[in-house]
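A look at the structure
Here is what each chain is made of, one letter per residue.
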4 protein chains.
Amino acid sequence: MIKKLLSALILLFVVQLGVFSQNRQEISIPDIPGFFTMKCDFHMHTVFSDGNVWPTFRVQEAWQHGLDAISITDHIEYLPHSQDIDADHNRSFEIAKPLADQLGIILIQGSEITRKMPPGHLNALFIKNANLLEREDWWEACLEAKEQGAFVFWNHPGWKAQQPDTTLWWKEHTRLLEAGIMNGIEVFNHHDFYPEALTWAKERNLTVMANSDVHGTIDMNFESFRPVTLVFTNERSAKGIRQALEERRTVAYFDGQLAGDRKFLSPIFFNSIKIANKAIGLKNHEVKRIWVHNNSDISYKLKQRQPSIGFSCPSDITLGAHQTVLLELTGTSDQVINMGVLKMYYEVENLQLLSGENLPIVLEVANK
Amino acid sequence: MIKKLLSALILLFVVQLGVFSQNRQEISIPDIPGFFTMKCDFHMHTVFSDGNVWPTFRVQEAWQHGLDAISITDHIEYLPHSQDIDADHNRSFEIAKPLADQLGIILIQGSEITRKMPPGHLNALFIKNANLLEREDWWEACLEAKEQGAFVFWNHPGWKAQQPDTTLWWKEHTRLLEAGIMNGIEVFNHHDFYPEALTWAKERNLTVMANSDVHGTIDMNFESFRPVTLVFTNERSAKGIRQALEERRTVAYFDGQLAGDRKFLSPIFFNSIKIANKAIGLKNHEVKRIWVHNNSDISYKLKQRQPSIGFSCPSDITLGAHQTVLLELTGTSDQVINMGVLKMYYEVENLQLLSGENLPIVLEVANK
Amino acid sequence: MIKKLLSALILLFVVQLGVFSQNRQEISIPDIPGFFTMKCDFHMHTVFSDGNVWPTFRVQEAWQHGLDAISITDHIEYLPHSQDIDADHNRSFEIAKPLADQLGIILIQGSEITRKMPPGHLNALFIKNANLLEREDWWEACLEAKEQGAFVFWNHPGWKAQQPDTTLWWKEHTRLLEAGIMNGIEVFNHHDFYPEALTWAKERNLTVMANSDVHGTIDMNFESFRPVTLVFTNERSAKGIRQALEERRTVAYFDGQLAGDRKFLSPIFFNSIKIANKAIGLKNHEVKRIWVHNNSDISYKLKQRQPSIGFSCPSDITLGAHQTVLLELTGTSDQVINMGVLKMYYEVENLQLLSGENLPIVLEVANK
Amino acid sequence: MIKKLLSALILLFVVQLGVFSQNRQEISIPDIPGFFTMKCDFHMHTVFSDGNVWPTFRVQEAWQHGLDAISITDHIEYLPHSQDIDADHNRSFEIAKPLADQLGIILIQGSEITRKMPPGHLNALFIKNANLLEREDWWEACLEAKEQGAFVFWNHPGWKAQQPDTTLWWKEHTRLLEAGIMNGIEVFNHHDFYPEALTWAKERNLTVMANSDVHGTIDMNFESFRPVTLVFTNERSAKGIRQALEERRTVAYFDGQLAGDRKFLSPIFFNSIKIANKAIGLKNHEVKRIWVHNNSDISYKLKQRQPSIGFSCPSDITLGAHQTVLLELTGTSDQVINMGVLKMYYEVENLQLLSGENLPIVLEVANK
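Let me sum up the structure you'll find in this document. (Residues numbered from 1 in each chain as written. Chains lettered and ligands numbered in written order. Predicted model: local features only at pLDDT ≥ 70, side-chain atom pairs only at ≥ 80, totals over all residues. Heavy atoms only, no water.)

A short note on empty space enclosed by the protein
All names here are of chain A. We count it as follows: Note on definitions: the grid is 1 Å and covers protein atoms alone; a cavity is a set of points where a 1.4 Å probe fits but cannot get out; a pocket is an open set with protein on both sides within 12 Å along at least five of seven lines; lining residues have an atom within 4 Å of a point. Grid points are joined across faces, edges and corners, and a volume is the space filled by probe spheres set on the points. For helices the rule is a DSSP run of H or I covering at least 4 residues; for strands it is a run of E covering at least 2, with both sets numbered from the N terminus onward. Here the term charged refers only to Asp, Glu, Lys and Arg, the term nonpolar to Ala, Val, Leu, Ile, Met, Phe, Trp, Tyr, Cys and Pro, and the term polar to all other amino acids, Gly among them.
Tallying each qualifying case throughout the model produces three cavities of 30 Å³ or more. Those elements that place two or more of their residues in the lining of the largest cavity are α3 (91-103) and β4 (106-114). Class assignment for the residues of the lining of the largest cavity results in four nonpolar, six polar and no charged. One number sums up the size of the second largest cavity: a volume of about 40 Å³.

As structure tokens, then:
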């Protein structure tokens, strides 16, 4: 009888879902030549470890926030809800998968290998059976991940709870690196930036990542920007992401900043902006204006790094997201009229190279 | 060994919590003479029935949104997560209670008795053991609720999945009413308003309620306002709420509107606003200005219902939340100079009486 | 000596302007086949009549708000600042023109012929000398405008100060129409919509317009949307606008709504949205989802106007500005699998035809 | 005839004003013991010098933004609109005064004495006749201001156009100071902070000020906060302001920061916040929570400056504007249970003393 009642109820809920409509806010960051720019978050939790939400919620949330791919990485070793939740380590993935397929979210199976430092916490993506990662010895858990073909990265390497004073690289990380097990590193996790991780990524050829590590909801934990790993792929698929991670084609995006290799940052910047003017014909003592439109979600903060020849231009510019900025150029020399192209030398303060330096760029406008 | 590892981990998490600080956004609606105005939501779900969040999340969310009291009302009969969650019907309350105590949120134990129409869905608040409500026969479930001393109300009476065409009152509801079991009714649930429920509340002495019935998160489901039941209590406690519900001292607050009895709406309005001016000395053909400050979160929309004697005033006024509005009065008769008090006759379009009519009010300012 | 001091000061201010940079927020409404969609406001005031801002401010404001063209239409007959401002009727145009040229704003010379009803207030655009419009007789002022080649339209035809009870068409308007002087009409002015004007536009072949009539600032007078006349032009120039106005290629855009001819509304809608799916292969009893992305600033509100054949779809949809919406289609008949294209029948509630009816549209998705 | 027409028109506009209603957003910063906290802006321009708005607009804008008093300080020596505006230096005050009286804004007559450096630009408040300030010699202009009983302060002392490299105090300023002419200084102007001015204010007994120096509109020039000079007065009047300025009872409020004397900053902070808890009874190894509510518009950023005895508390706290923050205290010693009062030692990072240091504060909660 309860069963019959239940099926009547389920029918009601199905009917209700039949008029489902909801909104997705796309993230506007341009593709770059040869690659799609995919927006991914590879670190998050559900009630199946110490998170506060059901696995399908993670998919819905990711869809609404414009992500292309996520990985639910519940802890293997830390299960505070186990008194009430009776499930194996693959369940959060299994529960989330059907909705991910329906919504077109690429769901990558993952788990967090959760140990004290060293080696701290590691995420294993593209695993096949999370249950086999439950080992007493952390090294064996990592070996198992490798055996399953996982892509493994070091989470929040400077987390104060594990590295209270200084952010150290331990010999265990060298061991993981040399064994070809650990290939990536979070330079940003939740609200924290780890500049050391950027240096290590450069020196040791690690893939940079920025992930939310969200336990509650993105809405409650992040005011405007959620951390995202931008992945530059040949195809919009799990396979494309896998290959890109292996080939270090990523940029960390967090707090309105990007950190990564120049070969990705530079085309993102130049594919975001457009200078509307044709030749401006600037002469000495004259003022001409140029229009710079930024079609991306990122507000670029430019700072002049050296003077231009024959004219002056603003020392600080903010190219606001989805805005057009007007720049005034003033001729300061008689030479300027003969210059075919006017070059303005800036660095982008919120685009950071692996060296920690800002991306240098040159804005150009034809003069005749 | 895993145990030792675990305890090390738990220690880390406790340390992290030790620097916990978070923000609560208070709801500014004034108390009224003789009563506290408590902000309550008596209808919500967790992963323990068909919700998407862990019980503690509901408490944290309520705290941040400025609520005073909530009830988690997981379904007794509908448990779609039962494959993974192995728990009895009291668990969501038990899990949420310690955090509620720490945060000062009054948590009222409740359950949703979930049946097809009639009688549809009913919430039982102030129950002692939710497990005993699991009965094949809905009437027996209701009797058990009564036996436990519950306050029972009818949820979303016009829910289209159960009442697709017209919102009917069934003989089963008369039976519940006459047995003294059902004492309240939702006039607003989630995003839907049921005007019939307002009429029934008036005719049959039911306590009006507005609740979120949230399954996911408030942030995702509601843009600005979440539905709230305002409860007017003698003391800020579960006991105070209980007594107020029984004595029908509530107002439904939803979508920037209030619905309820004039004896509550009127003092809320007048305790929200303040006219700054002393005597204004308005004469014929003159214009004088008065300042009306609204110190509440509710933007009141006023519409003139009859002309004033001796002067004119704006026909439509919005007293914006936390704003001061300037009103111009223009003398239109020589009589006006002799009037001690100038009276302006409005109705408040977003304060609705049980009759469905708008609350009439009179603004007064001294003239000499 | 004061002169020398002055020139030193001016130098300072010029230097300051040399580092000028400011933001423009583009309005995202798509072009339509064969035409540019230009965003124009043809009605506004400055301190040279009864406005509160200097003429250059109107240009700067328009630039920041993403407009393509404006006309400053100071009153000829109403000059409340004349005690302090000693200038002829062409000055506001002359002062604003250089900045308009620098910023790329098309500035159309205009004036407001300001009379009691009938004929009320009329704007004359594309005039050559505003001073000649100062005539005692309104008909002579209009004839002069025509002589200068002006495009003339009737402002706020239902303004309560002039038409307190009903919005009438006077014989004077027929006279203007028949003389070929008056060719357009504001269906929206400031905050007011005049549905009668829409009907007259249809019946009498008038160009529809929506303008701000701003006297203070747009920021203070409009919360989100400012009224805009969308003009569909062959070229992005004053000439292109002139021709489009004459050929009635306009749509009124106000309060998130569009009003105008179907031949413009329909391509605006379909150029704003994109359905991502290829063939979805929907079968009976199945649910499939389709993605609809809206790349414009307009949130479209869709209401189903008749059922689809073989499947059901949501009855109400909001295609939010710059958002992707997910729609669930449910197979309700065995026929559906054989249908090559699934058609969904909606009307767009915020796109209004000249008849006052909503724009009907058909959404289509391939099924096999 | 034109005259008759005109009077008909004026009537229309007066009628329109008769239904005037608009909103004022109050600034929530508490009064302090013995004084009202008045919000003032003593530096702004209109079309009567190089501003872009009509004088009444400044009053309306100030009213809407919650100010108590303003001074319109048009330049005496720089009049770029003089070709079109034929008026003396008192006109902007005369035009604005009637609306200021109607709206209850205290309008203080002022002018800007505008010279190259030294002495740069000076504002003279409480003058009686601005025309007499038009002198070739700057010293004579200043003497005239003094003769009229003006309160004079130095504007934007580090303005780059006049002090491009370093912010210098010139002998001319010493002369002004010693002659008792110059009594105040802007530590903040428009978007720029001058830390040197803070030091000089301390060393030379100058009244600190923060003003907008707005030429266009506040909405276009400031995103959230407009600079405001907080003036602590005995009465809410021009006289009260005058006396407070002379007695240096001011604080500069800009960009979410306050700068001024400890005797004002400290009571502002403590009158803004309220700790809800009574005795908390914290023991060793226990965690207790306290609620801190901030009822002001200022978000206070607290940083711990020394550890507490017997317990730990968060090292960084943001007491968000109009929010309640929850703080966790953890007992770390057996002594704690015997402590009658728990003291937490912070500095408020956005409350700056004249010395440039942050305001130190002690939060206290009873323990038994």
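Looking at the side chain of T233 of chain C
All names here are of chain C. Short version of the rule: Any pair of nitrogen or oxygen atoms within 3.5 Å is treated as a polar contact; in protein, a donor-acceptor pairing is required on top of that, and neighbouring residues in sequence qualify only through side-chain atoms on both sides. Throughout, a contact is declared for two residues whenever any of their heavy atoms are within 4.5 Å.
Within the element layout of this structure, T233 appears in strand β11 (residues 228-233). In this structure the side chain of T233 is engaged in a polar contact, spanning 3.0 Å, whose partner is the backbone oxygen of E235. Contact partners of T233, with chain neighbours within four places excluded, come to G34, F35, F36, M38, G240, I241, A244 and R249.

Topic: helix α9 (residues 262-272) of chain C
Note the cut-off: Under the scheme applied here, a residue whose accessible area is under 20% of the maximum for its type counts as buried, over 50% as exposed, and between as partly exposed, the area being computed with a 1.4 Å probe on protein chains only.
Listed as buried for α9 of chain C are F264, L265, P267, I268, F269 and S272 of chain C. Between a side-chain oxygen at the N-terminus of α9 of chain C and the backbone nitrogen of K263 of chain C the separation is 2.9 Å; the capping residue is D261 of chain C.

Here we look at unusual backbone geometry
Residues and elements named next belong to chain A. Of the consecutive residues P118 and P119, the connecting peptide bond is found in the cis state with omega at 0°. Position of P119 among the secondary structure elements: in the loop between β4 and β5 (121-125). The backbone of R248 sits at a positive phi, close to 60°, despite the residue not being glycine. If you trace the backbone, R248 turns up in the loop between α8 (238-246) and β11 (250-254). According to the relative accessible area criterion, R248 is partly exposed, its value standing at 25%.

Observations regarding the arrangement of the chains
Across the gap from chain B to chain C, with no contact made, the nearest C-alpha atoms are 13 Å apart. With no contact between them, chain A and chain D keep their nearest C-alpha atoms 13 Å apart.

Some remarks on the environment of L176 of chain A
Residue and element names in this part refer to chain A. Assignment of secondary structure puts L176 in helix α5 (residues 171-178). The buried category is assigned to L176, whose relative accessible area is 0%. Sequence separation between L176 and I309 is 133 residues; the distance between their C-alpha atoms is 51 Å. With sequence-adjacent residues up to four places away left out, L176 is seen in contact with P119, L122, W138, W139, C142, I181 and M182.

Re the pairing of strand β7 (residues 151-154) of chain C
All names here are of chain C. Keep this limit in mind: Should DSSP find at least two bridges between two strands, the strands are taken to pair.
Side chains F151 and F153 project from β7 onto one buried face, and the interleaved V152 and W154 project onto a second face that is buried too. Here strand β6 (residues 121-125) runs beside β7; their pairing, made up of four bridges, is antiparallel. Paired with N123 across the two strands is F153, which belongs to β7. Two strands pair when backbone bridges link them, and β7 and strand β8 (residues 182-189) are joined in this way by three bridges, in the parallel orientation.

Examining the packing of helix α2 (residues 55-64) of chain B against helix α3 (residues 91-103) of chain B
Residue and element names in this part refer to chain B. Basically, it comes down to this: Fitting a line to C-alpha atoms yields each axis, with helices limited to the stretch in contact; the angle taken between N-to-C directions then spans 0 to 180 degrees. Throughout, the term roughly parallel applies to angles under 35 degrees, roughly antiparallel to angles over 145, roughly perpendicular to angles from 65 to 115, and oblique to all others. Crossings are sorted by hand: turned counterclockwise from the far helix by less than a right angle, the near helix makes the crossing left-handed, and turned clockwise it makes it right-handed.
Their axes nearest at 7 Å, the elements α2 and α3 cross at an angle of 30°. Classified by the angle between their axes, α2 and α3 sit roughly parallel to one another. As α2 runs across α3, the sense of the crossing is right-handed. In contact with P55, T56, V59, Q60 and W63 of α2, α3 contributes S92, I95, A96, L99, A100 and L103. Across the contact of α2 with α3, the residue classes tally to eight nonpolar, three polar and no charged.

Things to note about the packing of helix α4 (residues 138-147) of chain C against helix α5 (residues 171-178) of chain C
All names here are of chain C. Interaxial distance between α4 and α5 falls to 12 Å at its minimum, and their mutual angle equals 25°. When the interaxial angle is binned, α4 and α5 end up roughly parallel. The handedness of the crossing between α4 and α5 is right-handed. Across the interface between the two elements, W138, W139 and C142 from α4 touch E172, R175 and L176 from α5. Classifying every residue of the contact of α4 with α5 gives four nonpolar, no polar and two charged.

Side note on the environment of K171 of chain B
All names here are of chain B. Considering the arrangement of structural elements, one finds K171 in helix α5 (residues 171-178). For the pair K171 and P118, spaced 53 residues apart in the sequence, the C-alpha separation amounts to 8.4 Å. Within the structure, K171 has its side chain in polar contact with the side chain of E172 (distance 3.4 Å).

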